[in-house]
Structure formats: C-alpha cells, structure tokens
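Secondary and tertiary structure notes
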Amino acid sequence: MESMHGAEGHIRLAVLDGEGTTRSLAGSVATAMDHPCAAPVAFHSFEPFYAANTQTRPDVMIVDLETLGQDGHLSRLAAAQPQALLMAVSAKGSLSRSLSAMEAGAHDVISIPADPVVVAEKIDRFLLQNSRAPRGQGGAARAGAAERAKPESATPYTFEGFVGGSARMRDIYDQIRRIAPSTAPVFVTGESGSGKELCAAAIHARSPRKDSAFVAINCAAIPAELMESEIFGHVRGAFTGAGEDRPGAAELADKGTLFLDEIGEMDIALQSKLLRFVQTGMIQRVGDTRQRPVDVRILCATNRDPHEEIARGRFREDLYYRLHVLPIRLPALRDRREDILPLAQTFLTRYAEQEGRKFTRLDPAAEESLLTYDWPGNVRQLENAMRQAVVLHDGELLRAQMLPGFLRGEGSAIGSPITSRDLAPVPARGRVREIEPLWAQEKRIIEQALAAFDGNIAKAAAALEISPSTIYRKRQSWSGRPEEVSGATFTSFAG
C-alpha cells in the first residue's frame, strides 16, 4: 500500500472510540500482530479522526460504530482512504448493523468482546494480500502492481464455486456464511459478469434449503407478456398455446430458493404481483381462480443502480425495500486484481482438459497482460478470453501472443460497446437490388450485438437502446418456433 509504512517501516493504526473499549482492543491487537506496528493513534470523535487521517493515510482504521454514529461517515472514510483496512467494531452485535457497515465500505465488522489475536491475524492477512500500489489509471503504476499481485500459492482459494482469496472476496464469503441460514430476501448487485448467480447459488448451498430446488430465472430473457406465467405458472386454456397446466418457477422452488436475475428488467406492472407474493407467500397461476401457498426464499440480482431505477419510475420503491433486506455488492474484477491469475489458471486448466490441449501455465508476459487489463466484462470476460486462447492454440506454456487481440492492444475488448462503425454500411443510393429487407437488417444488427456481448441479451439491448423483450420477440419471429424459447427461461436443480 502507498502508506505502508510509517516511521521505521511500522504499520500506522488509527482508532475512533469514545468509550475506551476499542482503544484497549487496538493496543492488544498491535502487540499481537506479526507486522511491526506503531503505537495506535486514538480519536474521540469523527471529524478530528477524519481530518487527521486524511493527512496521515493510515494502514488500518479501527472504528467504533457507536462512536461513529452513521454509516455515511463510514462511506466517507472508505472513499478517502481506499488503501486502508477499515474495521468496524460494535458492542451490540446486530446482523443488520453489520451488513449496513459492510455495505458502506467496512472490510470487516468485529463484535465486542473480541480476541485480539484473531483480529491481529485478519489484519496481517490483509496487509500481506494488499501490499501493492493502489489501483489507478497510470499504466506504470498498474504494471508495478501486476508483479506484486501474483498469488503466493499455486493452489487457488475457492469457496462454493468462487475462485479468489482477496480481502474483498473473503468479505463476500463471510457475508454469504452469515446470510445463508436466514430466510430473509437477499439483494445482490454488481456489474455484469461479476458472479451474481454464483453468489445466489452459494447462499442456497449454505442454507438449510440446500436439499431442495434452486430455481434461477433471467428476467431479461423473457418478454413481459410471458413473465407472469414463467414465475407463477398457468392453467390450461389461460391463453393461446396454454395446452396444459404448468407450474411456474415459484412453485418449482417450493421449500427451496427462487433466484430472480436481472430483476431490474421486470415489467413495472408485474412488480406489483411479485410484491404481493413476497408479502403473502401466495401465488395464483395465470387463468386460475385459487391461490396456492409457496414456501420459497427469494434472492434477486441486478447490474443496475436500483435507486436510479426507482427515481426513473422503472422499479417500485415498495418492492425494493421488501427485497433489499440483506444486500451484497460484488466487487468488479479490476477491484480484486490479486484474483485475476488464480482465475486465469483455473480457466486454463479447465478448458485445456475439455479441449484436449497441453496447457499447464501462463508465461510472465501473459500474466502481466492479464493483470494490467481493466476487465470491463469481469470474470465472464476473463473466462471467455482464456477459453478462446486454449481453443485456438496449444502448448504447455500459454504465451502473451496467444491471448485475444484486445489484451495485446489490437481491436476492441470483448463486451465493448457496439457502435455504428461495427455495422455493415448502408448500400449507396440508387442500388436498389442491394438493399436488404428490413427484417434481415434487424436480424443482422441484433445478432452482431449479441455476438459482441457473448449472447448477453440485456447488454446487447442496452447497446442498441431497445428493450430485451424486443430482442426476444424478434428472434422468436425469425425462428417461427415459439416453443424453443420456454425451455431456456429458467433452470432448476437440487443441492
């Protein structure tokens, strides 16, 4: 870290505490740490603490939540000191307070009384994992960070399908462990490709419902007129094509977990019916007259800003507060660079085995290319890049020149916005015979957008400035086989 270390290489530790309990803990922690630590500097109130530490840039901040007063102050500290480990301390031990603190920017929340040795181990681990230059825009700074961000072990840290042992991801794992036993709704946010469905599946796998079904439904892939039936089911004759009774995702997830991915894409009219279901636990199939009780835990996710969606009238505020009980914010891959190489190695091994290739490792130049790229498509983009390299090349060592062109500065990145330059030119005026039918032009443009975003309908629709349901309907009209769509709308599996 940029501030590491203070005088004579000692760790700077700052404490905010009005009562004295946290100061006593900090003193014991400083003694128990493996890293040499200067005497902790304590403050009794927030503003002096904030002002002083803006100048000194501490390595570790231990903050008493009762002294702090409000989570807004915690957000200010996290924004002002991104290089520091921010640990919140609470004598009340409230789960909701702890989650709010972590959402506001705390790396960890400690309940008093706490074991100083355990706290010291957490700090030492964070310092080891983050002893690198802070993330910035300068290429030289990032290249320097690249070498220091390499994993210490060849065996990557894994958790319920996740790969990566960075401090940010360990915080996510801790949240999942705490959240999983509850029955309260979970609201997962994060950029596309950051692992929101994997997070939902991990919560289910750690929950008492793990032996029942986990049903995931992508709200971006289903048009508004079919969404109600997909979630709540329908009875025979409810609409044209409804030839038999069919349970919806909610019933299929009974006693288990229902995951609504890209919930921000759900039609506003259907949101009121979802709200009623969340409130009552009762569903009514389309065309039916009776209600059915369903016992499901609801998890949902979006890559949009829910507050902005509410302000624009696209998401019901009352539904948001019903669902936003236990929030989890997944970090972007660029914010956890120490996980890039373990992830890349995992994908390299997986796809080398699948494709019958000999690859076992990456060369240093390839590692540097991966570490210094910003990954706007997150883990999904990294996975696609590694798979492409494995399919197109072979050898024991995957070299930098085997990586996709965007990692070598050639062309645009996977998932980069589609522009008019990417589309075929309009035929010259007067050359009537070369004009494509409108439907063919639409098909070509939509297929190009889907290809640019690796089949992600929501991102392709956003780039084309149309709704995801428009893409869905267009594809349906091209194929002329509506029945092909229903089988891909959600998946269900137990365990």
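Coordinates for the structure precede this section.
Read on for an overview of the structure. (Residues numbered from 1 in each chain as written. Predicted model: local features only at pLDDT ≥ 70, side-chain atom pairs only at ≥ 80, totals over all residues. Heavy atoms only, no water.)

Quick look at the overall build of the protein now. When its secondary structure is counted, the protein shows 21 helices and 17 strands. The buried share of the protein, taken over its 495 residues, is 46%. Long-range pairs, those at least 24 residues apart, make up 73% of the contacts in the protein with a sequence separation of at least 6. Accessible surface, the protein: about 23200 Å² in total, of which carbon and sulfur atoms supply 50%. (Helix = DSSP H or I, 4+ residues; strand = E, 2+ residues; numbered from the N terminus. Buried < 20%, exposed > 50% of the residue type's maximum accessible area, 1.4 Å probe, protein only. Contact = heavy atoms within 4.5 Å. Areas by Shrake-Rupley, 256 points an atom, 1.4 Å probe, with all protein chains shown as cover.)

Moving on, we get to the environment of Q291. Inspection of the secondary structure puts Q291 in the loop between β11 (282–283) and β12 (292–293). Assessed through its relative accessible area of 41%, Q291 is described here as partly exposed. Through-space distance from the C-alpha of Q291 to that of G281 is 9.8 Å; in sequence the pair is 10 residues apart. Once you skip the residues sitting within four places of it in the chain, Q291 turns out to touch M282, I283 and Q284.

A few words on the packing of helix α15 (residues 340–355) against helix α17 (residues 378–392). When two helices pack together, their arrangement is given by the angle between the helix axes and the distance between those axes. One can describe the packing of α15 onto α17 by two numbers: an axis separation of 9 Å at closest approach and a directional angle of 40°. As judged from the angle between their axes, α15 and α17 are oblique. Where α15 crosses over α17, the two elements pack in a sense that is right-handed. Note on element contacts: α17 touches α15 through V379, L382, E383, M386, R387, V390 and V391, opposite I340, L343, A344, F347, L348, R350, Y351, A352, Q354 and E355. Across the contact of α15 with α17, the residue classes tally to 12 nonpolar, 1 polar and 4 charged. (Axes fitted to C-alpha atoms, helices over the stretch in contact; angles between N-to-C directions. Parallel < 35°, antiparallel > 145°, perpendicular 65-115°, else oblique. Left-handed = near helix turned anticlockwise from the far one by under 90°. Nonpolar A, V, L, I, M, F, W, Y, C, P; charged D, E, K, R; others polar.)

Here we come to empty space enclosed by the protein. Across all of its chains, the model carries 2 cavities of 30 Å³ or more by this definition. Quantified by volume, the second largest cavity comes out at close to 40 Å³. Along its surface, the second largest cavity is lined by F187, G264, T302, R304, P306, E309 and F315. Across the lining of the second largest cavity, the residue classes break down as 3 nonpolar, 2 polar and 2 charged. (1 Å grid on protein atoms, 1.4 Å probe; cavity = no way out; pocket = protein on both sides within 12 Å on 5 of 7 lines; lining within 4 Å. Points joined across faces, edges and corners; volume = space filled by probe spheres on them.)

Our focus in this paragraph is the nonpolar core. Counting residues in hydrophobic clusters, the biggest one holds 30 residues, and the most contacted among them are I217, I231, L258, L260, I263 and F277. The set of elements that each furnish at least two residues to this core consists of β9 (213–218), α10 (224–232), α11 (249–252), β10 (257–261), α12 (268–280), β13 (297–302) and α14 (317–323). Residues L333, F347, A366 and L403 belong to the second largest nonpolar core, which totals 29 residues. (Core = buried A, V, L, I, M, F, W, Y, C linked by side-chain atoms within 4.5 Å.)

Position of H204 relative to the elements: it lies in helix α9 (residues 196–205). A polar side-chain atom of H204 sits 2.7 Å from a polar atom in the side chain of T257. (Polar contact = N/O pair within 3.5 Å; in protein donor to acceptor, adjacent residues only side chain to side chain.)

A separate point is the pattern of salt bridges. This model, assessed by the stated rule, comprises 21 salt bridges. For the salt bridge of R292 with D288, the shortest nitrogen-to-oxygen distance reads 3.1 Å. R292 gets classed as buried once you look at its relative accessible area, which sits at 15%. The class for D288 is buried, based on a relative accessible area of 16%. Overlapping salt bridges bring together E265, R304, E309 and R314 as one network. (Salt bridge = Lys/Arg side-chain N within 4 Å of Asp/Glu carboxyl O.)

As summarised here, the arrangement of the 5 strands in space is β2-β1-β3-β4-β5, forming an open sheet in which the pairing is parallel. Looking at the sheet topology across the chains shown, the edges are occupied by β2 (41–43) and β5 (108–111). Within this sheet the neighbouring strands show an average axis-to-axis angle of 20°, counted without direction. Bridging between strand β4 (residues 85–90) and β5 involves 4 bridges; their strand directions are parallel. Counted as the bridge partner of S90 is S111 from β5. (Pairing = 2+ DSSP bridges.)

Moving on: helix α8 (residues 167–179). Between its terminal C-alpha atoms α8 stretches 18 Å, which fits the 18 Å expected from 13 residues at 1.5 Å a residue. Along α8, the positions that sit buried rather than exposed are A167, M169, D171, I172, Y173, Q175, I176 and I179. (Expected span 1.5 Å × (residues − 1).)

Throughout the structure, instances matching the rule amount to 12 aromatic pairs. Where F162 meets Y173, the ring centres are 5.9 Å apart and the plane angle is 45°; that geometry is what we call tilted. Of this pair, F162 sits in strand β7 (residues 162–163) while Y173 sits in helix α8, placing them 11 residues apart in sequence. Measuring from ring centre to ring centre gives 5.9 Å for F232 and F277, while their planes differ by 85°; the resulting arrangement is edge-to-face. Of the two residues, F232 sits in helix α10 while F277 sits in helix α12, which places them 45 residues apart along the sequence. On the basis of relative accessibility, which here comes to 3%, the residue F277 falls in the buried class. The rings of Y157, F159, F162 and Y173 are connected pair by pair, giving a single aromatic cluster. In this arrangement the basic side chain of R170 is found over the ring face of Y157, its NZ or CZ atom lying 4.0 Å from the centre. Sitting over the ring of Y351, R350 keeps its end group 6.0 Å from the ring centre. (Phe/Tyr/Trp six-rings, centres within 6.5 Å; stacked < 30°, edge-to-face > 60°. Lys NZ or Arg CZ within 6 Å of the ring centre and 35° of its normal.)

One non-glycine residue with positive phi stands out, namely E160, at about 45°. Assignment of secondary structure puts E160 in the loop between β6 (158–159) and β7. In this structure E160 comes out as partly exposed when scored by relative accessible area, which is 33%. Phi is positive for K255, which is not a glycine, with a value near 75°. For K255, a relative accessible area of 46% translates into the label partly exposed.

What follows deals with the pairing of strand β3 (residues 60–64). When you tally the buried positions in β3, you get 5 out of 5 residues, the bulk of the element. Because side chains alternate across β3, one face comprises the buried residues V60, I62 and D64, and the other comprises M61 and V63, equally buried. As paired strands, β3 and β4 are joined by 5 bridges and run parallel to one another. Counterpart to V60 in the pairing with β4 is L85.

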